[in-house]
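Next come the chains, spelled out residue by residue.
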2 protein chains.
Amino acid sequence: MAVTIEDVARRAGVSRGTVSNVLNRPEVVLEATRARVLEAMRDLDFIPSQPARMLGGLRNRSIGLVMHDVGHPFFAEIARGVEDVVTREDYVLTLTSTRDDAERERSSLRLLIAQQVSGILLIPTASGAEDLRQVRERGVAAVLLDHEGGANECSVAVDDIRGGIAATQHLLGLGHRRLAFVGGPTRGRQHSDRLSGMRSALASSGGRGRPAVHVVAVPADTIACGEEAARTLLGSSARRPLPTGILCGNDLLAIGLMRGLSSAGVSVPDDVAVVGYDDIELATLVGTPITSIRQPMYEMGHTAAELLLSEIHDRNHTHRNVRFVPELVVRESTVRP
Amino acid sequence: MAVTIEDVARRAGVSRGTVSNVLNRPEVVLEATRARVLEAMRDLDFIPSQPARMLGGLRNRSIGLVMHDVGHPFFAEIARGVEDVVTREDYVLTLTSTRDDAERERSSLRLLIAQQVSGILLIPTASGAEDLRQVRERGVAAVLLDHEGGANECSVAVDDIRGGIAATQHLLGLGHRRLAFVGGPTRGRQHSDRLSGMRSALASSGGRGRPAVHVVAVPADTIACGEEAARTLLGSSARRPLPTGILCGNDLLAIGLMRGLSSAGVSVPDDVAVVGYDDIELATLVGTPITSIRQPMYEMGHTAAELLLSEIHDRNHTHRNVRFVPELVVRESTVRP
DNA sequence: TTGAAAGCGCTAACAG
DNA sequence: CTGTTAGCGCTTTCAA
């Protein structure tokens, strides 16, 4: 069915070995024969089989990306960054979504190993990040994404604590004192870091007896959950006064929250200031553009992919833990223009 | 480095052939030996090499998706639909972006063939859709996505002409008579079909001497281009009165257009009614929610993947050209609530 | 510089 | 039911 190296060899009147040489070490074969072989390849439209090459000892030009969900703009943008460098290097990108399920993460990793990808980029689930050791033991390069790694591995992350601090300082600076955090387990470590940042900023702001951050837990990072959080907040406002400054674990939550608040007649930013997280494009486009903590998603994907390729190719590769610094972007959800 | 079938065989005290059998035809091997082999596999954490299996005659459990850009919500959503069925069937998804470049499309296809994927889902570039024949000649199953196919192939598309008609009838029904279309070459056939639909709805609406649709060409399907289109329209409004009903080739353009118009003091929908296309989530979230033509993106991906898998597995697969009917969703960009 | 041959990890006959 | 064997398409020695 497919045309093989054998066919090319026959047509060019050489041996398989020679054809293989023009593929892999063109410099050792005589100009004239090389030309002949190349022509035969073109005539036959020969595409060498990667799987076969691998068995013959070459590395597969393919890398895997394991993430929560392509449909979420945050991950999609990371994927774009990855894809661009992978494509430039003539690699192919295989991606799998975990839906933040540790089970699926494990099986994704196995599938990728079975495919013999030469490297894996992992955005770990809340529970995950452990499984990578097994991956590495099998000789597959791996870098952690959106999660700080150890000294013996590469990783690309964003400093979520600083993000939480920046958001909080902004809110404090605007005079807000009753603060809340809307977040959930879905991207576990990230959210808890952001909350820690919030608490530490609050603590170091010097106030004594300041009330703790009111935490509204949500089951997922979605707009619907944000709306739900608004209802929760509103519902309990009889017992406890509504917070005036709210940080959300991501922009989608912020959008939902704002929608929920405004449909109950609460004005943003006049009654409540809301800060989102991620700074996806959407944050700039909604009715009241959202103040957010920008994460360099494309760059994260880009950087991680380059680290991975370096780990695959460079003999003297040294591990790096890259930590991007998030950036506060002020918009109308906290400050009236 | 990796543990092979040989290692498993040795540890279980059987031959390679037997191990292979428990992998591929477990029913032929004795319960007891099977248990022993399975145990050995578990002990060694054996993951069979897909590439090696392929050479041995099996199909690769991997399919390729070729699209314009993962970063665009329209494509991301299609990818999700694909991914869900692919994962369910224990396949792996390899994806490549073309950025709507025919060259890149061709090279993507070659890369996927080289990887020996067992099937390809192609969202063709404006120029593309031809190259699939070559793919099929190499024995790789393929289905066209977002593009109507011929009788000898499977395809999943949406009826863009009807979409254009629906949008236009809506605008006409609201009393708009000066109509415009903002669209571009980026997704060539789609946009021109939508425009055709617009013209045909206009023609069959019975009016005589009705002015033609004013077409504003844009170079890409982006928010920025939409804003640019607004400027163009506004700039020429001295010579030619502003249209009162505008259909955009996609939602991103509509968002940009509306932004451009409103920053020039033109009110949507009071002065101009705007209809978008695709109905991405974003369309519902912007300041003035956008009336749009909904395309079932997730379902498209889902359906296409199932057709592809059927083509791969079912001996008596028959080709199908699925054509979804788009649906008008009315929101505030055309009708004040 | 080129050809011949061995082998990569696995599957699929075919004997036994 | 299980072991043996011959490939799958390619790379990589090693001789010639």
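Before any of the text, the structure's been laid out above.
Definitions and cut-offs
As a convention, each chain's residues are numbered from 1 in the sequence order in which they are written. By the order in which they are written, chains take letters starting at A while ligands take numbers starting at 1. Whole-chain, interface and lining totals are the exception, using all residues; otherwise, since this is a predicted model, local features are given only for residues with pLDDT of at least 70 and side-chain atom pairs are given and counted only at 80 or more. Note that water and hydrogens are dropped before the side-chain values are worked out from all heavy atoms of the structure. Where helices and strands are cited, they refer to DSSP runs of H or I of at least four residues and of E of at least two residues respectively, numbered from the N terminus. Buried means the residue's accessible area, taken with a 1.4 Å probe over protein chains only, is under 20% of the maximum for its type, while exposed means over 50%, and partly exposed covers the values in between. Should any heavy atoms of two residues lie within 4.5 Å, those residues are considered in contact. Here the quantity called buried area is the total loss of accessible area, with a 1.4 Å probe, experienced by two parts when brought into contact, counted for both. By salt bridge we mean one thing: a side-chain nitrogen of Lys or Arg within 4 Å of a carboxyl oxygen of Asp or Glu. By convention in these notes, a residue is near a molecule or strand provided one of its non-hydrogen atoms lies within 4 Å of it. Whenever a nitrogen or oxygen atom comes within 3.5 Å of another N or O atom, the pair is scored as a polar contact, on the condition that within protein one atom can donate a hydrogen and the other can accept it, and that pairs from neighbouring residues in sequence are kept only if both atoms are in side chains. In this classification, the charged set is Asp, Glu, Lys and Arg, the nonpolar set is Ala, Val, Leu, Ile, Met, Phe, Trp, Tyr, Cys and Pro, and all remaining amino acids, among them Gly, are polar. Paired strands, as defined in this entry, are two strands with at least two bridges between them according to DSSP. Each axis is a line fitted through C-alpha atoms, taken for helices only over the stretch in contact, and angles between the N-to-C directions span 0 to 180 degrees. Least-squares superposition aligns the copies on the C-alpha atoms of those residues with pLDDT at or above 70 in both. The set of buried Ala, Val, Leu, Ile, Met, Phe, Trp, Tyr and Cys residues whose side-chain atoms join them within 4.5 Å is what this entry labels a nonpolar core. Only protein atoms enter the 1 Å grid used here. Points where a 1.4 Å probe fits but cannot escape make up a cavity, open sets with protein on both sides within 12 Å along at least five of seven lines make up a pocket, and a residue lines them when an atom lies within 4 Å of a point. Grid points are joined across faces, edges and corners, and a volume is the space filled by probe spheres set on the points. Any pair of Phe, Tyr and Trp rings, taking the six-membered ring for Trp, is counted once the centres come within 6.5 Å. Such a pair is stacked with planes under 30 degrees apart, edge-to-face with planes over 60 apart, and tilted for the rest. As a reminder, the over-ring test applies to NZ of lysine and CZ of arginine, requiring each to be within 6 Å of the ring centre and within 35 degrees of the ring normal.

Notes on unusual backbone geometry
The step from V268(A) to P269(A) runs through a cis peptide bond, and the omega angle for that step is 10°. Even without being a glycine, D146(A) presents a positive backbone phi close to 60°. Within the element layout of this structure, D146(A) appears in the loop between β4 (141-145) and β5 (154-158). Given the relative accessible area of 0%, D146(A) is considered buried. Positive phi outside glycine occurs at D100(B), with the angle close to 60°. Mapped onto the elements, D100(B) comes out in the loop between β2 (92-97) and α6 (102-114).

A word on the interface of chain A and chain B
Of the residues lining the interface, 51 residues belong to chain A; the matching set on chain B comes to 51 residues. Note on chain A versus chain B: buried area summed over both sides is about 4300 Å², and carbon and sulfur give 57% of it. Considering only the surface of chain A that becomes buried against chain B, I47(A), R138(A) and L285(A) emerge as the three largest contributors, covering 14% of it. In this assembly, chain A and chain B are joined by ten salt bridges.

Here we look at the protein's contact with DNA strand C
Taken together, 25 residues lie around DNA strand C, and T18(A), T33(A), I5(B), R16(B) and R53(B) are the ones closest in. For DNA strand C, the fraction of atoms within 4 Å of the protein that belong to sugar or phosphate moieties is 74%. Within the backbone of L55(A), one N or O atom sits 2.9 Å away from a base oxygen of DNA strand C. Contact distances for DNA strand C include 3.3 Å between a base oxygen and a backbone N or O atom of G56(A). For the surface near DNA strand C, the elements supplying multiple residues, two or more each, are α2 (16-24) of chain A together with α2 (16-24) and α4 (50-55) of chain B. The greatest single-element share of the surface near DNA strand C, amounting to four residues, is contributed by α2(B). Here the surface near DNA strand C is built from residues that sort into eleven nonpolar, eleven polar and three charged.

Here we look at the protein's contact with DNA strand D
Close contacts around DNA strand D come from 27 residues, with I5(A), R16(A), R53(A), T18(B) and T33(B) the closest. At a separation of 3.2 Å, a sugar or linking oxygen of DNA strand D approaches a polar backbone atom of G56(A). A distance of 2.9 Å is found between a phosphate oxygen of DNA strand D and a backbone nitrogen or oxygen belonging to S15(B). If you tally residues by element for the surface near DNA strand D, the top one is α2(A), at five residues. Partitioning the surface near DNA strand D into residue classes produces twelve nonpolar, twelve polar and three charged.

Quick look at the sheet that holds strand β8 (residues 245-248) of chain A
Hydrogen bonds along the backbone pair up the strands of a sheet, which may run parallel or antiparallel. Residue and element names in this part refer to chain A. The sheet built from six strands is open, its strands ordered β7-β6-β8-β9-β10-β12 with mixed pairing. Edge positions in the sheet fall to β7 (214-217) and β12 (327-329), since each has one partner strand and no second. Between one strand axis and the next, the sheet turns through 20° on average, direction left out of account. Across four bridges, the pairing between strand β6 (residues 179-183) and β7 is parallel. By the bridge assignment, A180 is partnered in β7 with H214.

Section: the relation of the copies chain A and chain B
By a simple turn and slide, chain A fits onto chain B: the slide is 0.0 Å along the axis, the RMSD is 0.1 Å, and the turn is 180°. Overall, the copies show the geometry of a two-fold rotation axis.

As for the environment of R36(A)
All names here are of chain A. Examined against the element boundaries, R36 turns out to sit in helix α3 (residues 31-44). Separated by 22 residues in the primary sequence, R36 and V14 place their C-alpha atoms 9.2 Å from one another. With residues up to four places along the chain from it excluded, the contact list for R36 reads A12, G13 and V14.

So, the nonpolar core
One finds I63(A), L121(A), L257(A), I63(B), L121(B) and L257(B) to be the most contacted residues of the largest nonpolar core, which totals 117 residues. Not counting chain neighbours up to four residues away, the residues in contact with I63(A) comprise V82(A), V86(A), Y91(A), V92(A), L93(A), T94(A), V117(A), G119(A), L121(A), L308(A), L309(A) and I312(A).

Remarks on the pattern of salt bridges
Residue and element names in this part refer to chain B. Under the definition given, this model contains 52 salt bridges over all chains. The shortest N-O distance in the salt bridge between R194 and D160 comes to 2.8 Å. Within this pair, whereas R194 is found in helix α9 (residues 188-204), its partner D160 is found in helix α8 (residues 160-173), the two being separated by 34 residues in sequence. With a shortest N-O distance of 3.0 Å, R231 and E228 are connected by a salt bridge. Note that R231 and E228 are positioned in helix α10 (residues 223-235) at a spacing of three residues, about one turn of the helix. E228 sits in the partly exposed class, given a relative accessible area of 41%.

Remarks on the environment of G139(A)
Relative to the elements of secondary structure, G139(A) occurs in the loop between α7 (132-137) and β4. Residues G139(A) and R104(A) lie 35 residues apart in sequence; the distance between their C-alpha atoms is 21 Å.

Looking at the layout of surface pockets
Its boundaries defined by the atoms lining it, the largest pocket holds a volume of some 1500 Å³. Lining the largest pocket are 50 residues, and of these G71(A), H72(A), P73(A), G71(B) and P73(B) sit closest to its centre. Going through the elements one at a time, α5 (73-88) and α12 (282-285) of chain A together with α5 (73-88) and α10 of chain B are the ones with two or more residues in the lining of the largest pocket. Take the lining of the largest pocket: its biggest share by element is six residues, from α5(A).

Brief notes about the packing of aromatic side chains
In the structure shown here, the tally under the stated rule is two aromatic pairs over all chains. On the numbers, 5.2 Å between centres and 80° between planes, the contact of F74(A) with F75(A) is edge-to-face. The pair F74(A) / F75(A) is uniform in exposure class, with both members buried. Looking at R194(B), its charged tip hangs above the ring of Y277(B), at a distance of 3.7 Å from the centre.

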